[in-house]
Each structure stands twice: as structure tokens, then as C-alpha cells.
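Next come the chains, spelled out residue by residue.
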Amino acid sequence: KMNGVSLIGLATATGRTAKAVGEQFGFEFCSTDYRELLRRDDINTVLIATRHDTHAAMVAEALQAGKSVYVEKPLAISEEGLNEVVSAVRQTNGRVLAGFNRRFSSLSMELKSFLADVGTLAINYRINAGEIPKESWIQQDEGGGRIVGEVCHFVDYLQFLTDAEPVEVFAYRSSQGADTLSVVIKLSDGSVGSINYFATGDRSFPKERVEAFGGGRVAVLDDFRQLELWRDGKRKTSKRMAQDKGFDQELAAFVDSLRSGGEMPISWRSELLTTLACLRIEESLRSGKPEAVNLEFEI
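Residues numbered from 1 in each chain as written. Predicted model: local features only at pLDDT ≥ 70, side-chain atom pairs only at ≥ 80, totals over all residues. Heavy atoms only, no water.

**A closer look at the sheet that holds strand β6 (residues 122-128)**
The test is simple: Strand pairing is assigned whenever DSSP identifies at least 2 bridges connecting the two strands. Every helix listed is a DSSP run of H or I at least four residues long, and every strand listed is a run of E at least two residues long, numbered separately from the N terminus. Contacts are assigned to residue pairs that have any heavy atoms within 4.5 Å of one another. Simply put, an axis is a line fit to the C-alpha atoms, just over the touching stretch for a helix, and the angle between two N-to-C directions goes from 0 to 180 degrees.
Ordered by their spatial adjacency, nine strands build an open sheet running β13-β12-β11-β10-β6-β9-β8-β7-β14, and the pairing between neighbours is mixed. Each end of this open sheet is capped by a strand with a single partner; those strands are β13 (234-239) and β14 (291-292). For strand β10 (residues 208-214) and strand β11 (residues 217-222), the ladder comprises six bridges, and the chain directions are antiparallel. Across the sheet, residue Ala 212 finds its bridge partner in β11, namely Ala 219. Along the sheet face, helix α5 (residues 106-114) touches β11, β12 (226-231) and β13 and points at about 10 degrees away from the line of β12. Across the sheet, helix α6 (residues 145-162) lies against β6, β7 (166-173), β8 (181-187), β9 (192-198), β10 and β11, angled at about 150 degrees from β9, the strand it touches most.

And the structure:
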């Protein structure tokens, strides 16, 4: 729906899907080979929305082909994959944006503005995630599990609210199931965030709630539909008729940055730290100990 964006080529796993989706959205051609898109000189940007285990390699290939990249989360599902992407960015000076959309929501922007001058924050992010069967691709090697596949959203959001970096994580898993866990993240500015990711609740209950405390203020964001701002004993409420998780705004910001030649809407360092923090959360679950989050490769 964005003006000035030409939909040239579409690649999916099967020809029937490619043809149907290509016709629906007006792509000029469709294929079952994504490398056909990378070889085209009339394509300068690719959007990768494939299964998680393919992201890192496809991002690296697209960068080597001279394309700008929007990749749905996660950026990678392993440290090896993350290093592959970092190497490609370093070699090509390429531009990559991962699909961490929640920070672009209009209510997120209002929340951050409200807390902008309070200093360190204490944040609780609760997710009523719902159960996904073990047989689902998300739970298999191709999905990489729900920590790198979805908890990455919430790690990114903590960075967004604090403008700080994750430096240490500690995670504990409930005996009720592998996808019910609590994570504590220490941030570089002294802020602390907790991510409570629960798969054992009722799906009819709202999925996400963010509570942020600091400087005598409280902000509560309910499912990206309502924001409550508390200060000096007074409450201000903002509501949206429809849930706004920032998808459209992130894509628009991505396109604007390409047109202007400016910085990506999320810093490259932040994208890497989000992915690395999720890998360290998995390590913490295995070790039972806090794990440091350190970028050991050149950016």
C-alpha cells in the first residue's frame, strides 16, 4: 500500500502459492527460487519472511547481492548464523532491519515520550503466549524455539524504552512447560526488566501487558490498545479502536531510511544485542546461572 514501492518479484516454496500470492498483490513475476530475485538488477530491496532457520543465510546472500534487507524476526537462530550475518554486513556495508515492530506502535511512542526524562526504569513485560504444539515447525529446528522466535520482540522493547543495552540475563523455566518462563535482564543504564512469558493461560485473555516504573511515574500498556499514564496522582488514558503493533510504521520507516540514505530505524548494534541476548537466555536456562551479553565481534 506504500507509494513509490514497486513489487517486482516474489519467491515461495511452491509454484502454486507463488502464483496465487503474486497475482493477489500485483507482483510482476513469481518463482520458487529466491536467488532469481537476488540476481535481478531491477530489485534493490528484499523482504525475507521465511521460516526462521533460513533467515541468516538468506540475509547474508541478499547483502552479498547488493540488496537492502528487511527480515522478519529472528535475525538468526544460532550464534553461527549471527556471525554469518555480521560478516556479510561488514563486507558489504549493507543495510538490514529486523522485524521488531512493537517499538513503532503509536502507543509505544507515547509511552516512551512520557518516560523520556526519568532515568532508570523498572519494567515488567507479561505475555500470555498460549501453547504451541511440540509438532509445530516453530518448536522444531527450523523454528528455533519460542525464545529466539518471539521473546526477541520483548528484549528489543526493553532496549527501546530504556535506550540501554542488555548486559546480563537470567532465566528460569516453570515445571508446567518449556514455554512458560521468567527472564530478568540487567541493562547498561541500571534499569532492570522482567519478561514473563507464559504459555499455560487462557487464549481469550489479552496477550501482552507492559508496566514501566520510574521517576515517580507509572505507564501501563495493555495489548497495544490502551495506554495509562500515571503522574502526580493523576491518570491519563489513550485508546485505539484497533490494536496497533507498529507493523505499518516500521515498514514505512524502513522505506524512508532507504530513500533518504539515513540510518536504519533500529540500530544495527541493538538488533545484534537482541538476538545475542535471546541466545544467552537459552544458555541461562541450561546452566541455571546468569549469563553475560557481550558483543565479541566487530560491528
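**What about unusual backbone geometry?**
With an omega of -5 degrees, the peptide bond between Lys 73 and Pro 74 qualifies as cis. Considering the arrangement of structural elements, one finds Pro 74 in the loop between β4 (68-71) and α4 (79-92). Phi is positive for Asn 93, close to 55 degrees, though the residue is something other than glycine. Residues other than glycine seldom take positive phi values, yet Asp 223 does so here, at roughly 55 degrees. Secondary-structure assignment places Asp 223 in the loop between β11 and β12.

**Observations concerning the layout of surface pockets**
The condition that has to hold: Note on definitions: the grid is 1 Å and covers protein atoms alone; a cavity is a set of points where a 1.4 Å probe fits but cannot get out; a pocket is an open set with protein on both sides within 12 Å along at least five of seven lines; lining residues have an atom within 4 Å of a point. Grid points are joined across faces, edges and corners, and a volume is the space filled by probe spheres set on the points. Side-chain classes follow a simple rule in which Ala, Val, Leu, Ile, Met, Phe, Trp, Tyr, Cys and Pro form the nonpolar group, Asp, Glu, Lys and Arg form the charged group, and the remainder, Gly included, forms the polar group.
What the largest pocket holds in volume is close to 1600 Å³. Around the largest pocket, the lining comprises 37 residues; the ones closest to its centre are Leu 7, Gly 9, Phe 27, Val 46 and Leu 47. At the level of elements, β1 (9-11), α1 (15-25), α2 (34-38), β3 (45-48), α3 (55-64) and α7 (247-260) are the ones that each hand at least two residues to the lining of the largest pocket. In terms of residue count, α7 provides more of the lining of the largest pocket than any other element does, six residues in total. In terms of residue class, the lining of the largest pocket is built from 25 nonpolar, eight polar and four charged.

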